[in-house]
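Chains, contacts and geometry: an overview
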Amino acid sequence: MTTFSQDDTHNIHLCLQGNADAFEPLVRRYQNAAFAVAMGFLRDRTDAEDVVQDAFVAAYCKLSQLKDPSIFGSWLHKIVVNRCKEWSRRKKASRLVRVDPNTEHIRDEYPVAAQNHQDYIESLELWDEVERLPEHYRQVVNLYYYTGFSLKEIAAFLDIPESTARGRLYQSRIRLKNALSPQEKETIAMSMIDVTEDVQDVVCKIAREDFKKTIDMGDVQNIVLYCGVNTEVEIKQAKGERVVLEGSKIALGLTEEEARSNLGALHVSHDLVDDFLERGPHEGELFLGVSSPYGSKNNVAHTKPISEHWKSDLMNDRARWDEVGGVRPVDVFPELQHEIHAFLPLPEPIEHSLGKSLSVTVHASDVRSKDLPRSALSENVERIFSAVRTDPKRVFGYATYCHLSISVPENATLSVFRGGPVNVVGMNGSLVMYDCHACHINEVMKDVYLLNSDFTEIGRIGGRVFQRTYGYGGGGTSLDHGMLRRYPYQVEGKMESIKGGVDIDIGCIELDVRDVAGVVSIYNRYGTTRLYQPDHNRNGKCRLRTVSGEIKLLLDETVAESASLVTHSLCGVVKYEEVKDIMPLTAWSNNVCWMSLGTTYDYGNTDFTVITESGTVEFEVTKNGKHR
């Protein structure tokens, strides 16, 4: 073990023993390496600095999950990369641009800001050639010039052989024609960051307690995890027949004493129950939001006992019956009454998974919330602890948080309530999600059920994917220049390599589906659906439907030559220019209500059926996955 890794191991052991100051040397050593990686992804200094601070705080909170302290650098590198991807998605989802035609005066009124902007543009131009490098070359170049790391240290950070790092740097210099000049090196050195104090200030206000529990399930095959506080969940395959729970309970406070007090209210409990639907989760208090009494400037936490609330995640009735200003959505839009179906009665496999079970609950004996001046809480902690209300002066939100890793035995079914984000890295069983968000689900050997749960990616599923989500895009409204507009953003979800088919009925998401075997049924009412099918599965019919969203169906050339297709529309648009030669759409009919277009008049027995009320349908033929 090198001195480099020995120092990391020593400092991490001190941190786990409660010495938060021991984290400072780790921040100082790796901050510019993390910054180089973040800049490679984001190309924005401010965003990159924020991501670096966020990644370090997240790393501190998850230190107990690091099995080998000597590889802290490469572990941190993965956290930075994931944070960059999350940051990019969040920026894209929340972007709302308003153009002010009278911006030229800024150059004159704010000369320092203008010069800083010009310097920033020049620094981007300096790195244009670097940005054109392949990503694995670019990472080595950024680390070499930003950090002063040796090639051996760069290799350890990226978890690659030293010879590979040396080769990538050599090839990068060839592609760049020559190494950076001394002047350019000086420019880079001047742009290095120091976030040590900011990170350490955050770390010292966090109390953390690590835990590990091994549970014998006996003959029980179902596990139910209920997250009564903000919980990040990691799911993986167990090596044996026992369930392993491990992770960190974390609490925030203005002082270390307050943080430790808040931590005392947070618990992880488990027991075996004969019928989870009858018994429910362990008792605790839920933090459901915030309100301000009329005439008051104070925020008040909206809370409920878990026992009074948890079944609403099964009923899925909040969207219809919640009142706003004394009016229910179903009063204004009666069609919601039949359009948004309650989950109950549950599909039989889901109901069975909530019977005899191992019940695990992350819960708080009482809600510990924070109502703080903005100056008292960094943006990085605010993101981690999920502020639920912010204004220019104050921040209000959760004071507790949990990171939980659960190892699931073979063939078990795991149900998760209210988790987020949820990451699955392999599971030889079935998975059910209720009211979870930001899910990454990979390598589940059986079925996946998503109920009011969104996902970022789903891949390599051995069974089918079943989803019911009836939100209409989230987001909010803008009031500008006498115009009120709702701007729901579409959560993006990518799905690939599903062996058992998909059954999706959702309100509004941006859905990208590739390579599904079995029956495909997708109803994305107001969102965008993109389906790519590289193979023709004659035993699995495909049906795509929307109300006013967009549908794009991409078929490989071999599929288009042999498959039948029909599209129906009430008053939408069908674009078929791309397929009219290889897939002649000669069956055309219409009446006063609807029109149809397809390759056959046998409308009830086609391989691909596409239905839109008022949206746009587009077809494309590809060859080996690429546009012809």
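So, here's what we can say about the structure. On a predicted model such as this, the values are computed, not experimentally measured, just so you know. Each chain carries its own residue numbering, running from 1 in the direction its sequence is written. The predicted origin of the model limits local features to residues at a pLDDT of at least 70 and limits the giving and counting of side-chain atom pairs to 80 or more, whereas totals for whole chains, interfaces and linings rest on all residues. To obtain the side-chain values, all non-hydrogen atoms of the structure were used and water was disregarded.

Overview of the environment of Asn32
- Following the sequence through the fold, Asn32 ends up in helix H2 (residues 24–42).
- Only protein chains enter the calculation, and the probe is 1.4 Å; a residue is then buried if its accessible area is under 20% of its type maximum, exposed if over 50%, and partly exposed in between. Given a relative accessible area of 12%, Asn32 falls into the buried group. Secondary structure is summarised from DSSP: a helix means a run of H or I of at least four residues, a strand means a run of E of at least two, and numbering begins at the N terminus for each.

Regarding the packing of aromatic side chains
- Two aromatic rings from Phe, Tyr or Trp, using only the six-membered ring of Trp, form a pair when their centres are within 6.5 Å; if the ring planes differ by under 30 degrees the pair is stacked, by over 60 it is edge-to-face, and anything between is tilted. In this structure the tally under the stated criterion is 12 aromatic pairs.
- Each ring, one from Phe276 and one from Trp310, has its centre 5.1 Å from the other, and the planes form 70 degrees; the classification is edge-to-face. With Phe276 in helix H14 (residues 276–279) and Trp310 in the loop between helix H15 (306–309) and helix H16 (312–315), this residue pair connects regions lying 34 residues apart in the sequence.
- For Phe276, a relative accessible area of 0% gives the class buried.
- Given the relative accessible area of 4%, Trp310 is considered buried.
- Arranged with centres 4.1 Å apart and planes meeting at 5 degrees, the rings of Phe417 and Tyr434 form a pair that is stacked. Here the residue Phe417 occupies a position in strand S13 (residues 413–417), and Tyr434 occupies one in strand S15 (residues 430–434), the gap between them amounting to 17 residues.

Quick look at the pattern of salt bridges
- For this analysis, a salt bridge means a side-chain nitrogen from Lys or Arg found within 4 Å of a carboxyl oxygen belonging to Asp or Glu. Going through the model one piece at a time under the given rule, you end up with 18 salt bridges.
- Salt-bridge contacts for Asp54 lead to Arg83; the nearest nitrogen and oxygen are separated by 3.6 Å. Highlighted residues: Asp54 in helix H3 (residues 45–61) and Arg83 in helix H4 (residues 72–94), separated in sequence by 29 residues. Comparing Asp54 with Arg83 shows no difference in burial state: the two are buried.
- The partner of Arg460 in a salt bridge is Glu443, and the shortest N-O contact between them spans 3.4 Å. Here the residue Arg460 occupies a position in strand S18 (residues 455–461), and Glu443 occupies one in strand S16 (residues 439–444), the gap between them amounting to 17 residues.

With respect to empty space enclosed by the protein
- Using protein atoms alone on a 1 Å grid, points that fit a 1.4 Å probe yet trap it form a cavity, whereas open point sets bounded by protein on both sides within 12 Å along at least five of seven lines form a pocket; residues with an atom within 4 Å of a point count as lining. Grid points are joined across faces, edges and corners, and a volume is the space filled by probe spheres set on the points. Enumeration according to the criterion identifies 4 cavities of 30 Å³ or more in this entry.
- Taken together, Gly228, Val229, Glu285, Phe287, Ala364, Val367, Arg368, Tyr398, Ala399 and Thr400 make up the full set of residues lining the largest cavity.
- For the lining of the largest cavity, the class distribution of residues is 6 nonpolar, 2 polar and 2 charged. Here the term charged refers only to Asp, Glu, Lys and Arg, the term nonpolar to Ala, Val, Leu, Ile, Met, Phe, Trp, Tyr, Cys and Pro, and the term polar to all other amino acids, Gly among them.

Some details on the nonpolar core
- The biggest cluster of nonpolar side chains holds 72 residues, and the ones touching the most others in it are Ile235, Ile441 and Met495.
- Throughout, a contact is declared for two residues whenever any of their heavy atoms are within 4.5 Å. If we skip the residues at most four places from it in the chain, Met495 touches Phe455, Ile458, Val465, Val502, Ile504, Leu511, Asp512, Val513 and Arg514.
- Within this scheme, the nonpolar core is defined by two criteria: the residues are buried Ala, Val, Leu, Ile, Met, Phe, Trp, Tyr or Cys, and they are joined through side-chain atoms within 4.5 Å. Of all hydrophobic cores here, the second largest spans 49 residues; its members include Val27, Ala55, Leu151 and Ala155.

Brief notes about the side chain of His363
- Note on placement: His363 falls in strand S8 (residues 357–364).
- Taking relative accessible area as the criterion, His363 reaches 8% and is therefore assigned buried.
- Counting of polar contacts relies on pairs of N or O atoms within 3.5 Å, with two restrictions inside protein: one atom must be capable of donating a hydrogen and the other of accepting it, and residues adjacent in sequence are counted only when both atoms are side-chain atoms. Within the structure, the side chain of His363 is placed 2.7 Å from the side chain of Ser269, a separation counted as a polar contact.
- Setting aside chain neighbours within four positions, we find His363 in contact with Val229, Ala265, Leu266, His267, Ser269, His282, Glu283, Gly284 and Ile306.

Quick notes on the pairing of strand S23 (residues 502–506)
- With 4 of 5 residues buried, S23 is to be regarded as a mostly interior element.
- Here strand S19 (residues 465–469) pairs with S23 via 5 bridges, running parallel. The partner of Phe466 across the bridge, within S23, is Asp503. Pairs of strands are assigned from DSSP output, requiring at least two bridges between the strands.

Comments concerning the environment of Thr586
- By the secondary structure assignment, Thr586 is in the loop between strand S30 (573–575) and strand S31 (587–590).
- The exposed category is assigned to Thr586, whose relative accessible area is 61%.
- Here the alpha-carbon distance between Thr586 and Gly598, two residues 12 residues apart in the chain, equals 6.3 Å.

With respect to a nonpolar patch on the surface
- A grouping of Val327, Val332 and Phe333 is seen on the molecular surface, where their side chains present a nonpolar patch of about 260 Å² in accessible area.
- Within the element layout of this structure, Val327 appears in the loop between helix H17 (318–321) and helix H18 (329–332). Patch construction takes residues with relative accessible area above 30% that form no salt bridge. Like charges are linked within 9 Å, and nonpolar side chains (Val, Leu, Ile, Met, Phe, Trp, Tyr) are linked within 5 Å. Note on areas: Shrake-Rupley, 1.4 Å probe, and residue coverage restricted to the protein chains presented here.

Details of the side chain of Thr606
- Assignment of secondary structure puts Thr606 in the loop between strand S32 (595–598) and strand S33 (608–612).
- Note on Thr606: relative accessible area 5%, which makes it buried.
- Polar contacts involving the side chain of Thr606 include one to the side chain of Thr609, which spans 2.8 Å.
- Discounting chain neighbours no more than four positions away, the residues touching Thr606 are Lys541, Ser564, Leu565, Val566 and Thr600.

Thoughts on the packing of H2 against H3
- Closest axis-to-axis distance for the H2/H3 pair is 8 Å, and the angle between their directions is 135 degrees. For the element pair H2 / H3, the angle class is oblique. Handedness of the H2/H3 crossing: right-handed. Where H2 approaches H3, its residues Leu26, Val27, Tyr30, Gln31, Ala34, Phe35, Ala38, Met39 and Leu42 are matched on the opposing element by Arg45, Asp47, Ala48, Glu49, Val51, Val52 and Phe56.
- Looking at the contact of H2 with H3 residue by residue, the class counts come to 12 nonpolar, 1 polar and 3 charged. Between N-to-C directions, angles span 0 to 180 degrees; the directions come from axes that are lines fitted to C-alpha atoms, helices contributing only their stretch in contact. Should an angle lie under 35 degrees it is considered roughly parallel, over 145 roughly antiparallel, and from 65 to 115 roughly perpendicular; all remaining angles are considered oblique. Working rule for handedness: look at the near helix, and if it is turned counterclockwise from the far one by less than a right angle, call the crossing left-handed; if clockwise, right-handed.

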